[in-house]
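# Secondary and tertiary structure notes
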Amino acid sequence: MSRPSLKQRQDIARTVRRSLLGLALMVGFTIALVPLYDVFCEITGLNGKTTSTAQVVGGAPVDVSRRIEVQFVTQTATGLAWQLDAKQASVWVHPGEVALATFSFVNQGSSRTSGRAVPSVSPSAGARYFRKMECFCFQEQWLEAGERSEMPLVFQIDPDLPQGVNKLTLAYTLYPQGLVIGGIHEQ
């Protein structure tokens, strides 16, 4: 078998370089997709994503001619021995009105652990009109074994909520957080 000529080796080397560059670009694009998707969803309200920071309530007038039912749904992801419940299954609010809901957290595990609640609003068209001023979902929460805590959600429905939307469902999924070292959770 004969050795490849110089031109053939150069062609092979060029093909390998182009392939590696293409692979690097694809990996970079894939890594960038997740944060870009999150930003896009937060801006547009697509997929029920809401903002993860407190929002300032403007001086919007309260629309007393409309009432919106806000339903609360909670669940805890596998790996976290906590119970999360809304004190009320739902509340009725007028668009523009500031409302309060209270949630109960219980660490049913045998050690100090942390969790973070991730919100989602449906229908997704309503997510951009759901404003949270205070929410336990803005930061990681820590509870000692057996500890119980109540935390508030202060929110407002923007008066510009489309007329056809009369019910919003706010769902929280509680995920485990923190670092485990030798069975001890570190903050």
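Structural notes, computed from the coordinates. (Residues numbered from 1 in each chain as written. Predicted model: local features only at pLDDT ≥ 70, side-chain atom pairs only at ≥ 80, totals over all residues. Heavy atoms only, no water.)

## Notes on the sheet that holds strand 5 (residues 113–122)
Read across the sheet, five strands follow the order 3-1-9-5-7 without closing on themselves; strand pairing throughout is mixed. Two strands lie at the open edges of the sheet, namely strand 3 (90–93) and strand 7 (141–143), each paired on one side alone. Put simply, the sheet's adjacent strands are angled 30° from each other on average, direction ignored. As judged from the four bridges shared by strand 1 (residues 68–76) and strand 3, these two strands associate in the antiparallel manner. Looking across to strand 3, one finds that Val 70 is bridged to Val 91. (Pairing = 2+ DSSP bridges. Helix = DSSP H or I, 4+ residues; strand = E, 2+ residues; numbered from the N terminus. Axes fitted to C-alpha atoms, helices over the stretch in contact; angles between N-to-C directions.)

## Section: the nonpolar core
Core analysis: the biggest nonpolar cluster contains 32 residues, and Phe 72, Phe 103, Phe 105, Leu 153, Phe 155 and Tyr 172 have the highest contact counts within it. Among the secondary structure elements, those contributing two or more residues to this core are strand 1, strand 2 (82–86), strand 3, strand 4 (98–107), strand 5, strand 6 (130–135), strand 8 (148–157) and strand 9 (167–177). Setting aside residues up to four positions removed in sequence, Phe 72 forms contacts with Ala 86, Gln 88, Ala 89, Ser 90, Val 91, Ala 101, Phe 103, Leu 153, Phe 155 and Leu 170. (Core = buried A, V, L, I, M, F, W, Y, C linked by side-chain atoms within 4.5 Å. Buried < 20%, exposed > 50% of the residue type's maximum accessible area, 1.4 Å probe, protein only. Contact = heavy atoms within 4.5 Å.)

## Description of the sheet that holds strand 2
Read across the sheet, four strands follow the order 2-4-8-6 without closing on themselves; strand pairing throughout is antiparallel. Edge strands, defined here as strands with exactly one partner in the open sheet, are strand 2 and strand 6. Each adjacent strand pair in this sheet contributes to an overall mean axis angle of 25°, direction not counted.

## Some details on the pattern of salt bridges
Enumeration according to the criterion identifies five salt bridges in this entry. Put simply, Arg 14 and Asp 11 hold a salt bridge, and the shortest N to O gap is 2.5 Å. You can see Arg 14 and its partner Asp 11 sitting in helix 1 (residues 6–44), three residues apart, about one turn around the helix. Judged by relative accessible area, which is 26%, Asp 11 ranks as partly exposed. Its salt-bridge partner being Arg 131, residue Asp 158 comes within 2.2 Å of it at the nearest N-O pair. With Asp 158 in the loop between strand 8 and strand 9 and Arg 131 in strand 6, the pair connects residues that are 27 residues apart, well separated along the chain. Residue classification places Arg 131 among the buried residues on the basis of a relative accessible area of 19%. Where salt bridges share partners, they join Lys 7, Asp 11 and Arg 14 into one cluster. (Salt bridge = Lys/Arg side-chain N within 4 Å of Asp/Glu carboxyl O.)

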